[in-house]
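Understanding the architecture of this molecule
Chain by chain, the residues run as shown.
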Amino acid sequence: MLTAIRNFAKSWVAAVLIGLLIVSFAVFGINDVFQGNARDAVIQAGDRVVSSADFRREFDAQKRRIEQQAGQPVPLELAVERGFDKQVLQLMAAREAFAALLTKIGLKPSDKLVVEEIAKIPAFFDPVSGRFDKTAYERQLAEGGFTTEQFEQMARDDIAGQMALTGIVAGVRAPRAMSALNALYGLESRDIAFFSVGPGSVEAPGAPTEAQLQAFMRENAAQLTRPEFRILTVVRFTPSLAGGAVAIDEAELKKRYEFRKDTLSTPETRTVVQIPAKDAATAQQVAARLQRGEDAAAVAKSIGVDLITYDNRPQTAIPDRGVAAAAFRMQAGQVAPVQSELGAQVVKVVSVTPGRVVTLEEARPALEAEMRRDAAVEKVLALTNAYEEAHTAGGTLAEAAQKAGVPTMTLGPVSQAGRDQQNQPVAGLDQKLMDTAFALPAGGESDLVEVSEGEYFAVRVERVIPPALPPLDAALRAELSRVWTGRETLRRMQTRADALAERIRKGEAIDAVAASTGAQVRRVAGLSRQSAGQNRELSRELLGQAFAVRPGEAFTARDVQFALLVGKLEAVRPGDPAMIAQVTEFGRDQMTMELFRELEESARAGARRSMKVRIDETRARAALGLETTQTPAGKAQEPAK
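Everything quoted here is computed from the prediction, not taken from an experiment.

Analysis parameters
Residues numbered from 1 in each chain as written. Predicted model: local features only at pLDDT ≥ 70, side-chain atom pairs only at ≥ 80, totals over all residues. Heavy atoms only, no water. Helix = DSSP H or I, 4+ residues; strand = E, 2+ residues; numbered from the N terminus. Buried < 20%, exposed > 50% of the residue type's maximum accessible area, 1.4 Å probe, protein only. Contact = heavy atoms within 4.5 Å. Areas by Shrake-Rupley, 256 points an atom, 1.4 Å probe, with all protein chains shown as cover. Salt bridge = Lys/Arg side-chain N within 4 Å of Asp/Glu carboxyl O. Pairing = 2+ DSSP bridges. Phe/Tyr/Trp six-rings, centres within 6.5 Å; stacked < 30°, edge-to-face > 60°. Axes fitted to C-alpha atoms, helices over the stretch in contact; angles between N-to-C directions. Parallel < 35°, antiparallel > 145°, perpendicular 65-115°, else oblique. Nonpolar A, V, L, I, M, F, W, Y, C, P; charged D, E, K, R; others polar. Arc of directions from axis to C-beta. Core = buried A, V, L, I, M, F, W, Y, C linked by side-chain atoms within 4.5 Å. Expected span 1.5 Å × (residues − 1). Bend = angle between axes of the 7 residues up to and from the residue.

This part takes up the overall build of the protein. On a plain count of helices and strands, the protein comes out with 25 helices and 15 strands. When the 641 residues of the protein are sorted by exposure, 36% land in the buried category. Taking contacts inside the protein between residues at least 6 apart in sequence as the whole, the part at least 24 apart equals 68%. Counting only carbon and sulfur atoms, one obtains 55% of the accessible surface of the protein, whose full area is about 37500 Å².

Written out as structure tokens, the structure is:
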């Protein structure tokens with residue numbers, strides 16, 4: 001297909017079509033040609049519209065953030081199954097509603113303020129000069145899929161939001177009573193008593209019957225069902241297909257060396273200080289003072305200017321070309337006034353670090369390896385062209401690969417996660433290949449997909465094995481029996497523990513109840529919420545119950561081991577008054593921040609109600625390439641409030 005596209009692009013037919021497209025752009029505008037008359041609105045808040053492309057870009061960005069935190073890729077289907085697409089929709093809807101309301105009430109930052117704030121973002125700084133670099137700014141936006149207009153609107157919205165929220169919460173401070181209640185809550189301690197009800201305290205269940213196993217399997221079908229598997233035929237094009245040693249052309253090697261010599265070598269660097277002067281006379285005076293040994297920073301301060309320092313930088317890193325040329329003509333320690341494009345300057349060379357030119361022989365190994373890689377990439381391109389020609393002519397994946405002289409391999413059954421039917425990872429797979437394969441129907445073949453420079457693959461789905469419950473063989477039967485027995489034992493232990501707790505609720509002492517079962521009561525005193533969080537001996541469920549029940553109340557909880565606990569809250573003790581007073585004062589700022597967050601949430605919720613936000617989940621799913629359920633025309637879906 002790639003070859004066919006290249007050939008078609010050179011034909012007179014393509015020239016005519018491109019000419020017609022250019023005319024249509026001029027007459028109708030680019031947006032109308034591609035978007036038609038229908039308004040693409042995934043989210044609408046007042047006059048603000050989030051398009052399908054905007055939503056997909058935001059979804060992908062948020063998904064990448066989750067993947068970076070998890071350290072592994074997250075399949076699209078899994079993200080949607082967990083409701084991640086709806087979370088992004090709600091986040092964007094709240095943001096757009098708030099921005100639309102601020103625009104409606106006339107809160108709009110000036111263009112000058114927006115530009116100043118963007119210029120402070122370190123990601124857009126030149127690493128050499130340490131200043132805002134417009135080229136880096138535009139490049140990074142393009143890599144992120146944003147236009148400058150889109151990003152500047154986002155910055156404008158953010159600044160307006162900060163202004164509004166600052167005004168809303170200005171002067172607000174949480175009442176002292178609020179932080180006092182929080183201190184009382186956090187510093188109280190509790191005394192608990194509990195004893196264990198283990199598997200030995202109940203009758204062991206017998207082996208499950210066939211009917212019980214079948215019912216248990218149906219009950220847990222969602223966990224037991226195997227995923228869809230596929231059998232695939234794959235053809236790969238990699239530099240390793242080039243094979244054999246590549247002869248190095250000495251003339252080509254020398255030509256490449258001459259072209260790359262500057263980048264391979266280490267340039268001379270210098271530490272230079274520069275003092276701007278208002279005129280030539282002042283520059284002469286400053287130069288004389290520096291020559292006498294006065295401190296450059298003090299001299300610059302005395303004439304009301306900032307000292308500019310370039311620390312061990314090459315000539316190309318000094319933006320003022322006149323200063324750069326002069327500094328690299330001077331010797332270390334030399335001072336001279338310079339007339340540059342920016343006016344009179346005084347330059348002092350503090351130190352010089354000589355550069356080093358890499359010789360041809362030193363660069364030879366790296367250059368030869370580079371030439372071999374380039375030759376291999378050219379070979380791969382030739383093979384992909386041969387494959388595409390055969391495939392476009394009607395050959396199957398296997399036939400086209402055979403004509404190109406490239407081997408195929410059969411994989412599977414394999415799941416989309418790259419695992420076999422024993423849940424073991426299959427070597428040689430990557431997520432891009434699996435996503436491509438699982439987007440095809442049975443018998444479907446992909447186009448060539450680029451993995452990296454000089455590496456491609458194509459895949460055919462030979463057979464699809466639908467999701468299904470595994471056969472109830474001996475191994476699965478034994479595992480299910482073990483889990484069923486454990487669950488039944490736990491059920492009997494829970495029944496026993498509930499009965500014992502009920503006896504305590506009716507007035508029996510916990511020690512007497514425990515003794516009737518042969519168990520020993522264990523007591524823990526002074527258990528606070530802070531110490532509970534650090535306790536590793538007691539189960540999370542026991543600790544949670546200890547702070548959830550009332551004094552004198554009995555409860556049950558799971559133990560760290562396979563056992564249940566029957567417990568009783570014996571006492572609740574207030575914290576130390578002096579500590580409560582101290583925490584009240586220190587905690588007030590934290591409570592104020594919590595209040596700020598609640599006010600912000602209320603403001604955003606109010607904006608959403610005011611702007612009557614509409615969300616089209618069908619269009620959002622379509623933007624992600626998912627199957628959609630159609631809604632009546634003109635009736636965008638609106639989320640529950």
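Next comes the rest of the account.
Quick look at the pattern of salt bridges now. On inspection of all chains with the given rule, the structure shows 40 salt bridges. The shortest N-O distance in the salt bridge between Glu-58 and Arg-95 comes to 3.2 Å. You can see Glu-58 sitting in helix α4 (residues 52-70) and its partner Arg-95 sitting in helix α6 (residues 84-104), a full 37 residues away along the chain. Using a relative accessible area of 14% as the deciding quantity, one classes Glu-58 as buried. By relative accessible area, Arg-95 is classed as partly exposed at 33%. Across the pair Glu-370 and Arg-260 runs a salt bridge whose closest N-O atoms are separated by 2.8 Å. Taken together, the residues span a long stretch of sequence, with Glu-370 in helix α17 (residues 360-392) and Arg-260 in helix α13 (residues 250-264) at a distance of 110 residues. On the basis of relative accessibility, which here comes to 24%, the residue Arg-260 falls in the partly exposed class.

Glancing now at the pairing of strand β13 (residues 554-558). By the criterion of burial, β13 is predominantly enclosed, with 4 of the 5 residues buried. Summarising the sheet, β13 and strand β14 (residues 564-573) pair through 5 bridges and their orientation is antiparallel. Its bridge partner lying in β14, Thr-556 is registered against Val-566. Here β13 folds back onto β14, and the loop between the two strands holds 5 residues.

Strand order in the open sheet made by the 3 strands is β2-β1-β15, with antiparallel pairing throughout. Bordering the open sheet on either side are β2 (48-50) and β15 (614-615), each of which pairs with just one other strand. Strand direction decides the pairing type here: strand β1 (residues 43-45) and β2, joined by 3 bridges, are antiparallel. Considered in β2, the bridge of Ala-45 is made with Arg-48.

So, on to the packing of aromatic side chains. Tallied over the entire structure, the rule returns 8 aromatic pairs. Ring centres of Phe-55 and Phe-59 lie 6.2 Å apart, and the angle between their planes is 45°; this geometry places the pair in the tilted category. Remark: Phe-59 and Phe-55 occur in helix α4; sequence separation between them is 4 residues, near one turn of the helix. We note that Phe-55, like Phe-59, is buried. Three or more aromatic residues joined by ring pairs make a cluster, and in this case those are Phe-124, Phe-132, Tyr-137 and Phe-151.

Time to look at the sheet that holds strand β7 (residues 335-340). If you walk across this open sheet you meet the 4 strands as β6-β5-β8-β7, and the pairing is antiparallel. Of all the strands in the sheet, the pair left with one neighbour each is β6 (308-314) and β7. Between one strand axis and the next, the sheet turns by 30° as a mean value, whatever way the strands run. Sheet analysis places strand β5 (residues 269-276) next to β6, joined by 5 bridges and oriented antiparallel. Across the sheet, Gln-274 pairs through a bridge with Ile-308, a residue of β6. Packed on one face of the sheet, helix α14 (residues 280-291) meets β5, β7 and β8 (343-353) and runs near 25° to β8.

Attention shifts here to unusual backbone geometry. A cis amide bond links Gly-412 to the next residue, Pro-413, at an omega of 0°. Position of Pro-413 relative to the elements: it lies in strand β9 (residues 408-415). Backbone geometry places Asn-312, a non-glycine residue, at a positive phi of 55°. If you trace the backbone, Asn-312 turns up in strand β6. The exposure class assigned to Asn-312 is partly exposed, which follows from its relative accessible area of 38%.

Where α6 contacts helix α24 (residues 577-611), the two axes come as close as 8 Å, and the packing angle between them is 75°. The orientation of α6 with respect to α24, classified from their angle, is roughly perpendicular. Residues Gln-90, Ala-93, Ala-94, Ala-97, Phe-98, Ala-100, Leu-101 and Lys-104 of α6 form the contact with α24, whose own contacting residues are Ala-603, Arg-604, Ala-607, Arg-608, Ser-610 and Met-611. Tallied by class, residues from the contact of α6 with α24 come to 9 nonpolar, 2 polar and 3 charged.

What follows covers helix α18 (residues 397-404). Turn by turn, an α-helix covers 3.6 residues, leaving residues three or four places apart pointing in a common direction. Residues of α18 that are buried include every one of Leu-397, Ala-400, Ala-401 and Ala-404, and no others. The buried residues of α18 all sit within an arc of 100° when viewed along its axis, so they share a single face. Those residues of α18 that are exposed and angled more than 90 degrees off the buried face are Gln-402 and Lys-403. Gly-405 sits one or two positions beyond α18 and adopts a positive phi of about 75°.

Our focus in this paragraph is the nonpolar core. Core analysis: the biggest nonpolar cluster contains 32 residues, and Ile-43, Phe-55, Phe-59, Leu-89, Phe-98 and Val-613 have the highest contact counts within it. Broken down by secondary-structure element, the contributors of at least two residues to this core are β1, α4, α5 (76-81), α6, α9 (148-169), α24 and α25 (617-623). Not counting residues within four places of it along the chain, the set of residues in contact with Phe-55 comprises Val-42, Val-50, Asp-85, Val-88, Leu-89, Met-92, Ala-620, Ala-623 and Leu-624. The next biggest cluster of nonpolar side chains, apart from the first, holds 17 residues, and it includes Leu-500, Ala-501, Ala-514 and Leu-564.

This paragraph deals with α17. With 33 residues, α17 ought to run about 48 Å at 1.5 Å a step, and its terminal C-alpha atoms sit 45 Å apart, in line with that. The principal kink in α17, of about 35°, is found at Ala-366. Positive phi shows up at Gly-394, right after α17, with a value of about 115°.

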